[in-house]
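The residues making up each chain are set out below.
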Amino acid sequence: MNLDDLIATEELCIRYKVEHSFIKSLFESGLIEIVTIEHQEYVHFDMVAEFEKMLRLHYELDINLEGLEAIKHLLEQVKNLQTENLQLRNRLNLYE
């Protein structure tokens with residue numbers, strides 16, 4: 001994995017003014033992925049948007065970790081249903 005695609009969790013703590021324990025809690029809940037390289041923890045840039053979303057939900061709307069897990073699960077279900085719907089529409093268009 002290329003270090004250019006990663007951002008240190010310490011940098012996230014400083015940039016977003018959050019405790020490292022919050023990031024660790026998100027990781028332990030499976031809400032974000034953390035990569036450890038040489039005793040340093042990193043988050044892939046692709047996960048930063050997901051981190052920001054969870055950060056806003058937690059701090060601005062006061063949603064706990066269990067609620068964040070439920071919201072992520074529901075959003076994934078919606079995305080899967082939208083993909084399935086698009087596939088079905090494409091198949092239907094073949095017969096029209």
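Residues numbered from 1 in each chain as written. Predicted model: local features only at pLDDT ≥ 70, side-chain atom pairs only at ≥ 80, totals over all residues. Heavy atoms only, no water.

Visitor: Help me understand the overall build of the chain, please; the structure alone is not making it clear to me.
Guide: Counting its regular elements, the chain contains 4 helices and 3 strands. Reading the chain from its N terminus to its C terminus gives the helix and strand order β-α-α-β-β-α-α. For the chain, whose C-alpha radius of gyration is 17 Å, the value lies well above the compact-globule estimate of 12 Å for 96 residues. Counting only C-alpha atoms, the chain reaches 55 × 35 × 20 Å along its principal axes. (Helix = DSSP H or I, 4+ residues; strand = E, 2+ residues; numbered from the N terminus. Rg over C-alpha atoms; globule rule 2.2 N^0.38 Å.)

Visitor: Mind showing me how you'd approach the side chain of E50 here?
Guide: Take E50: it is sitting in helix α3 (residues 45-60). For E50, a relative accessible area of 18% corresponds to the buried category. (Buried < 20%, exposed > 50% of the residue type's maximum accessible area, 1.4 Å probe, protein only.)

Visitor: Would you mind going over the sheet that holds strand β1 (residues 6-8) with me for this structure?
Guide: The strands making up a sheet associate through backbone hydrogen bonding, with each pair oriented either parallel or antiparallel. Sheet architecture is open: 3 strands sit in the order β1-β3-β2, paired in antiparallel fashion. Single-partner strands in this sheet number two, and they are β1 and β2 (35-37). Taken pair by pair, the neighbouring strands of this sheet meet at an average axis angle of 45°, ignoring direction. Each of β1 and β3 (40-44) touches α3; the most contacted strand, β3, lies at about 80° to it. (Pairing = 2+ DSSP bridges. Axes fitted to C-alpha atoms, helices over the stretch in contact; angles between N-to-C directions. Contact = heavy atoms within 4.5 Å.)

Visitor: How should the environment of I23 be read in this particular structure?
Guide: Structurally, I23 is set in helix α2 (residues 20-28). Classification of I23 as buried rests on a relative accessible area of 0%. Those residues in contact with I23 that sit more than four places away from it in its chain are T9, L12, C13, V18, I32, I34 and F51.

Visitor: Is there a simple way to think about the environment of L75 in this case?
Guide: In this structure, L75 sits in helix α4 (residues 65-95). Distance from L75 to S25, taken between C-alpha atoms, is 20 Å for residues 50 residues apart in sequence.

Visitor: What is the right way to read the pattern of salt bridges from this model?
Guide: Two side chains bearing opposite charge may form a pair once their charged atoms approach each other closely. Overall, the coordinates contain 3 salt bridges when judged by the stated rule. Where K24 meets E41, a salt bridge forms, and the shortest distance between an N and an O atom there is 2.9 Å. Of this pair, K24 sits in helix α2 while E41 sits in strand β3, placing them 17 residues apart in sequence. When the shortest N-O distance is used, the salt bridge between E50 and K53 registers 3.7 Å. Here E50 pairs with K53, and both are found in helix α3, just 3 residues apart, close to one helical turn. (Salt bridge = Lys/Arg side-chain N within 4 Å of Asp/Glu carboxyl O.)

Visitor: Can you walk me through α4 in this structure?
Guide: Three- or four-residue spacings in an α-helix give side chains the same orientation, since the helix completes a turn every 3.6 residues. Between its first and last C-alpha, α4 extends 46 Å over 31 residues, near the 45 Å set by a 1.5 Å rise per residue. Within the sequence span of α4, burial applies to G67, L68 and K72. Tucked inside the fold, the buried residues of α4 contact α2 and α3. (Expected span 1.5 Å × (residues − 1).)

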